[in-house]
Amino acid sequence: MEKVADKPVHETSSQERWAIFFEYLTDIRKRGKINQIIEQEEGIAMASDILITISKDKIERARLISEEKYELDTRSRIFAAKQEGRQEGREEGRQEGREEGREEGREEGREEGREEGKLEIIDLLKSGKSPEEIIRDYGSE
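Rules used throughout
- Residues numbered from 1 in each chain as written.
- Predicted model: local features only at pLDDT ≥ 70, side-chain atom pairs only at ≥ 80, totals over all residues.
- Heavy atoms only, no water.
- Helix = DSSP H or I, 4+ residues; strand = E, 2+ residues; numbered from the N terminus.
- Axes fitted to C-alpha atoms, helices over the stretch in contact; angles between N-to-C directions.
- Parallel < 35°, antiparallel > 145°, perpendicular 65-115°, else oblique.
- Left-handed = near helix turned anticlockwise from the far one by under 90°.
- Contact = heavy atoms within 4.5 Å.
- Nonpolar A, V, L, I, M, F, W, Y, C, P; charged D, E, K, R; others polar.
- Core = buried A, V, L, I, M, F, W, Y, C linked by side-chain atoms within 4.5 Å.
- Buried < 20%, exposed > 50% of the residue type's maximum accessible area, 1.4 Å probe, protein only.
- Patch = residues over 30% accessible without salt bridge, like charges linked within 9 Å, V, L, I, M, F, W, Y side chains within 5 Å.
- Areas by Shrake-Rupley, 256 points an atom, 1.4 Å probe, with all protein chains shown as cover.
- Salt bridge = Lys/Arg side-chain N within 4 Å of Asp/Glu carboxyl O.
- Arc of directions from axis to C-beta.

Q: Can you help me understand the environment of lysine 56 in this one?
A: Mapped onto the elements, lysine 56 comes out in helix α4 (residues 42-126). Along the sequence, lysine 56 and leucine 124 sit 68 residues apart, while their C-alpha atoms lie 100 Å from each other.

Q: I'm lost on the packing of helix α2 (residues 14-24) against α4 in this one. Help?
A: Packed helix pairs are specified by the crossing angle of their axes together with the interaxial distance, meaning the distance between the axes. Running from amino to carboxyl end, α2 crosses α4 at an angle of 20 degrees, the nearest separation of the two axes being 11 Å. It follows from the interaxial angle that α2 and α4 lie roughly parallel. Handedness of the crossing formed by α2 with α4: right-handed. Contacts between α2 and α4 involve Arg17, Trp18 and Phe21 from the former and Gly43, Ile44, Ala47, Ser48 and Leu51 from the latter. Tallied by class, residues from the contact of α2 with α4 come to 5 nonpolar, 2 polar and 1 charged.

Q: Please clarify how the packing of helix α3 (residues 31-40) against α4 should be interpreted in this entry.
A: Two elements in contact, α3 and α4, have axes separated by 5 Å at closest approach and are oriented at 115 degrees. Contacts from Ile37, Ile38 and Gln40 in α3 reach Glu42, Ile44, Ala45 and Ser48 in α4. Split into classes, the residues belonging to the contact of α3 with α4 amount to 4 nonpolar, 2 polar and 1 charged.

Q: I'm lost on the nonpolar core in this one. Help?
A: Nonpolar side chains in soluble globular proteins generally cluster together in the buried interior. Counting residues in hydrophobic clusters, the biggest one holds 9 residues: Ala5, Val9, Ile20, Phe21, Tyr24, Ile34, Ile37, Ile44 and Ala47. Listed by contribution, the elements that provide at least two residues to this core are α2, α3 and α4. The greatest single-element share of this core, amounting to 3 residues, is contributed by α2.

Q: Could you clarify how one ought to interpret a nonpolar patch on the surface in this entry?
A: A contiguous nonpolar surface patch, about 370 Å² in accessible area, is contributed by Phe22, Ile50, Leu51 and Ile54. Tallying contributions element by element places α4 first for the nonpolar patch, with 3 residues. Relative to the helices and strands, phenylalanine 22 resides in helix α2.

Q: In this structure, what is going on with α2? I would like to understand it.
A: Along α2, the residues that are buried comprise Arg17, Ile20, Phe21 and Tyr24. Each buried residue of α2 sits inside an arc of 100 degrees when the element is viewed along its axis, so together they form one side. Facing away from the buried side of α2 by more than 90 degrees, the exposed set consists of Gln15 and Phe22.

Below, the structure is given as structure tokens:
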């Protein structure tokens, strides 16, 4: 094939030009020879235009796919970040709720204890015990 590619373009047959075109289309060193062939062979010029269009379409398709992938990746990261944020928020809320619940429970317990104590004292007073007796009998508990 190298011997055919070294021939001047005007000395090659149509089949040889097609063979050179397909063999060396992407070889930068043969770019001049390919351009000469494109200038002389209308069918090859049309094929070259089609290949360029296909290449541009592939590049555009790859670009669009890349953009779509980037957008999907971004949406996925945002979704994951939101999920993580919600989980952290729930955990913080639970922790705060536990702390508030403990404090409210302590306060309610104190209040109930005071109320029960008052009722016991009232019952003791009603039973006829004096305040001094109540203090003496129950004050050290």
